[in-house]
Amino acid sequence: MTTRTLLRSAMWLVPASVLVVILALSGCPGPKQAVATGDAASRVYIPPGQYDEFYGFFSGGFSGQVTVYGLPSGRLFKIIPVFSVNPENGYGYTPETQPLLMTSHGFIPWDDAHHPELSQTDGVPDGRWLFVNANNTPRVARIDLRTFETVEILEIPNSAGNHSSPFVTQNTEYVVAGTRFSVPIPQQDVPIRGENFRGTLNFIKVDPQSGRMELAFQILVPGYDYDLAHAGKGPSHGWVFFTCYNSEQAHTLLEVNASKRDKDFIAAVNWKKAEEYLAQGKYHEMTADYFHNIYDERKHMATSERLTKVRVLIPSECPGLIYYLPTPKSPHGVDVDPTGEYIVAGGKLATVIPVHSFSKMLKAIENRDFDTVIDGIPVLRYDAVLAGEVQNPGLGPLHTEFDGKGYAYTSCFVSSEIVKWKLGTWEVVDRIPTYYSIGHLLIPGGDSRKPWGKYVVALNKITKDRYLPTGPELVQSAQLIDITGEKMRLLLDFPTLGEPHYAQAIPAEILMKNSLKVYPLQENQHPYAVKTPEQARVERKGNEVHVYMTALRSHFRPDNIEGIQVGDRVYFHVTNLEQDWDIPHGFAILGANTAEILIMPGQTKTLVWEPKKPGVYPFYCTDFCSALHQEMQGYVRVSPRGTNVPLTYGTGQE
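Caption draft 1: The arrangement of empty space enclosed by the protein in detail. In total, this model carries four cavities of 30 Å³ or more according to the counting rule given. In this structure, the largest cavity encloses a volume near 60 Å³. Glu-117, Gln-120, Gly-123, Val-168, Thr-169, Gln-170, His-230, Ala-231, Gly-232, Lys-233 and Asp-447 together form the lining of the largest cavity. Put simply, the parts of the chain that give the lining of the largest cavity at least two residues each are strand E6 (117-121) and strand E13 (225-231). When its residues are assigned to classes, the lining of the largest cavity shows two nonpolar, six polar and three charged. Estimated volume of the second largest cavity: approximately 40 Å³. Leu-118, Pro-125, Glu-401, Leu-442, Ile-443, Gly-445, Gly-446, Asp-447, Gln-504 and Ala-505 are the residues that line the second largest cavity.

See below:
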């Protein structure tokens, strides 16, 4: 596919007048690099019994999940359910996990997950937690990387389109979240006009030991569209930078009306100054309505708490809290280099890549070198904060990451390429095509103080001629590119699930040493757990029947139950008594209108079943567990309502 074809296919994304300017000023990219030859296959081949070097965590986009791939092999290892129900293991179906998906709008079993973000210590990913955002119904989730399970979800009030999220500060002091769609704050019935809308920048405090999140404060900002974020590091630690577009505050035909100004903004927030204002009591307590959902690993149970207050800072009342840096044009990504000095913006419609200087920003603030003030937010003069501009970077620059060797790599959506350029001189030194329409990119540790480098991964939106066709919808693509030499070389492309927007990677050795293999049975505090087969039983409480069941290779106990009646609500509380690694058991029963459950060693999960007709209903283990897996089954007898069949249970041995 030629650059000309790509431009033609992408023209609908850009207003005609803007596209003409981009083409005229930027020109087409030069010659492209070819696919690596010779040892490319050996570079990505992982022999049997050996492990990939990196775990890559990819957002699932509209799937609401996170996917885990090995790098360099591109093999899919796991789908982590986060914001969407998952029939593979019962997530979101079971009473234990349903509370994680509660919101002020009710039970929401889906969302649009965009940005996985690894926790950091001293600006380096540490392998403790992975955060990911819900774009549609604003939420932030935390995944425990010991178990690769979602353990916490916090709803964000006074927000819509939680897109500039959930990026972390240098020591994971905060996770941030900004509003992509500005709305009336507080929500109310008003005419749809830009002047009626506001935005919020949210700072979520993270407990350094448990990881538990708390919405610490919000900053009320003008009603622009806040898109992405990254925190400062080193000298810029204490600051967070958010891109925003639609400074026109358009509310219709944004593809035209939000592209009129030459520059939009990066919002630079001094969160340490915010902490000072909070300590001084210079905040407003605003009524809010949002949920905080936490999973207890020992109880194997999630709970929901409904919260009603949030602390809000007003920039006009808090001097020094926030500044705007003018940035061309419709910026998407904002990325801070490993030294913490350079702040790189990706203007989707810009003809250059602007690089701001943190030290020059501080100097401009000290000198009050402002163009204007908007709602109490000083707008710094562009030339006063500019370190340099990357010329002719390609069309549609979006996102930049760093290799730790003085080079930056920027994805260019319209011209479908990655551009490599040098920090300090801003010179483009290499470019490589991607197939096709790259969005974000990934370098292991590429947004941290100490990137591991080695590879860049392109996350591409279009794959027309790359894979076997699968009807009208084609799979999306990731491409693994070697960056160890002067020239980038394509090694591999592999299909990805959902619509990956963003990804991060970390060396496998960091995670593997902390990986949890079993849940200790003696620590199981689930209220319906049973620790031995002898404790298995069935109890009736009115129309509720609770089955305390054990699973052990290769039988359930009890495996015969009689006395259930039509209209009963039956809770199968199944405890997996195994204490060996990778021996889960599944449970399903005929006619259940929820998913199966998949129970890890030492864990308890619940399947809820409401029989509608009399009969004998089989249940069975859904996960192959032994040579006698097929024999791991049982029966439940269901009688008409009001009959006198006694409640009995057993295994045929009692």
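Caption draft 2: The packing of aromatic side chains, seen in detail. By the definition in use, this model includes 31 aromatic pairs. Arranged with centres 5.8 Å apart and planes meeting at 80 degrees, the rings of Tyr-174 and Phe-203 form a pair that is edge-to-face. Highlighted residues: Tyr-174 in strand E10 (residues 174-178) and Phe-203 in strand E11 (residues 198-206), separated in sequence by 29 residues. Residues Tyr-342 and Trp-426 carry aromatic rings whose centres are separated by 5.1 Å and whose planes lie at 85 degrees to one another, so their mutual orientation is edge-to-face. Taken together, the residues span a long stretch of sequence, with Tyr-342 in strand E20 (residues 342-347) and Trp-426 in the loop between strand E27 (417-422) and strand E28 (428-433) at a distance of 84 residues.

Caption draft 3: Seen up close, helix H6 (residues 358-366). Looking at H6, one finds that the buried residues are Phe-358, Met-361, Ala-364 and Ile-365. The buried residues of H6 occupy one face: seen down the axis, they fall within an arc of 115 degrees.

Caption draft 4: The pairing of strand E7 (residues 124-134), seen in detail. Of all the 11 residues making up E7, 10 are buried; the element is thus mostly covered by neighbouring parts of the structure. Pairing of E6 with E7, which is carried by four bridges, proceeds in the antiparallel orientation. Counterpart to Leu-118 in the pairing with E7 is Leu-130. The hairpin turn running from E6 into E7, its antiparallel successor, is two residues long, and Asp-122 in that turn takes a positive phi close to 55 degrees. Where E7 meets strand E8 (residues 139-144), six bridges bridge the pair, whose relative direction is antiparallel. Residue Asn-133 lies in a different strand from E8, and its bridge partner there is Val-140.

Caption draft 5: Spatial organisation of the domain arrangement of the protein chain. For the protein chain, the assigned domains are domain 1 (55-185 + 197-512) and domain 2 (528-650). Between the C-alpha centres of domain 1 and domain 2 the distance comes to 43 Å. The partner domain 2 presents 11 residues to the 10 residues of domain 1 that form the contact. A combined buried area of about 870 Å² lies between domain 1 and domain 2, and 56% of that area is made up of carbon and sulfur atoms. At the surface where domain 1 touches domain 2, the tally comes to zero salt bridges. A breakdown of the residues in the side of domain 1 that touches domain 2 according to their chemical character gives four nonpolar, four polar and two charged.

Caption draft 6: Fine view of unusual backbone geometry. Cis rather than trans, the peptide bond between Tyr-435 and Tyr-436 has omega equal to -10 degrees. With respect to the helices and strands, Tyr-436 occurs in the loop between E28 and strand E29 (438-442). Between Arg-557 and the following residue, Pro-558, the backbone shows a cis peptide bond with an omega angle of 0 degrees. With respect to the helices and strands, Pro-558 occurs in the loop between strand E36 (555-557) and strand E37 (560-565). Even without being a glycine, Thr-172 presents a positive backbone phi close to 55 degrees. You can see Thr-172 is positioned in the loop between strand E9 (149-155) and E10.

Caption draft 7: Layout of the environment of Ala-288. On the secondary structure map, Ala-288 appears in strand E16 (residues 284-296). In this structure the C-alpha to C-alpha distance between Ala-288 and Gly-123, which are 165 residues apart in sequence, comes to 33 Å. In contact with Ala-288, not counting residues within four places along its chain, are Pro-157, Leu-307, Thr-308, Lys-309 and Val-310.

Caption draft 8: Structural view of a nonpolar patch on the surface. A surface patch of nonpolar side chains, about 210 Å² in accessible area, is lined by Leu-76, Ile-79 and Leu-497. Given the relative accessible area of 40%, Leu-76 is considered partly exposed.

Thresholds applied
Per chain, residues are indexed from 1 in the order of the written sequence. A pLDDT threshold of at least 70 governs which residues receive local features in this predicted model, and a stricter bar of 80 or more applies before side-chain atom pairs are shown or counted, although totals over entire chains, interfaces and linings include all residues. Only hydrogens and water are set aside; all other atoms, that is, all heavy atoms of the structure, feed into the side-chain values. Definitions used throughout: a 1 Å grid over protein atoms alone; a cavity as a set of points that fits a 1.4 Å probe which cannot get out; a pocket as an open set with protein on both sides within 12 Å along at least five of seven lines; a lining residue as one with an atom within 4 Å of a point. Grid points are joined across faces, edges and corners, and a volume is the space filled by probe spheres set on the points. Segments assigned H or I by DSSP are reported as helices when at least four residues long, segments assigned E as strands when at least two residues long, and all are numbered from the N terminus. As a working rule, the residues Ala, Val, Leu, Ile, Met, Phe, Trp, Tyr, Cys and Pro are called nonpolar, Asp, Glu, Lys and Arg charged, and the rest polar, with Gly in that last group. Two aromatic rings, drawn from Phe, Tyr or Trp (for Trp, its six-membered ring), form a pair once their centres lie within 6.5 Å of each other, and the interplanar angle then sorts them: stacked below 30 degrees, edge-to-face above 60, tilted otherwise. Per-residue accessibility, obtained with a 1.4 Å probe over protein chains only, is compared with the maximum for each type, and a residue is labelled buried under 20%, exposed over 50%, and partly exposed between these values. The reported arc concerns the directions from the helix axis to the C-beta atoms and nothing else. Here, strands pair whenever DSSP counts at least two bridges between them. Note: domain ranges come from an automatic or database domain assignment. Whether two residues touch is decided by their heavy atoms; if any such pair falls within 4.5 Å, the residues are in contact. Summed over both partners, the accessible area lost on bringing two parts together, with a 1.4 Å probe, is the buried area. In what follows, salt bridge is the name for a side-chain nitrogen of Lys or Arg lying within 4 Å of a carboxyl oxygen of Asp or Glu. Put simply, a patch holds well-exposed residues, over 30% relative accessible area, that have no salt bridge, with like charges counted together within 9 Å and Val, Leu, Ile, Met, Phe, Trp or Tyr side chains within 5 Å. Note on areas: Shrake-Rupley, 1.4 Å probe, and residue coverage restricted to the protein chains presented here.

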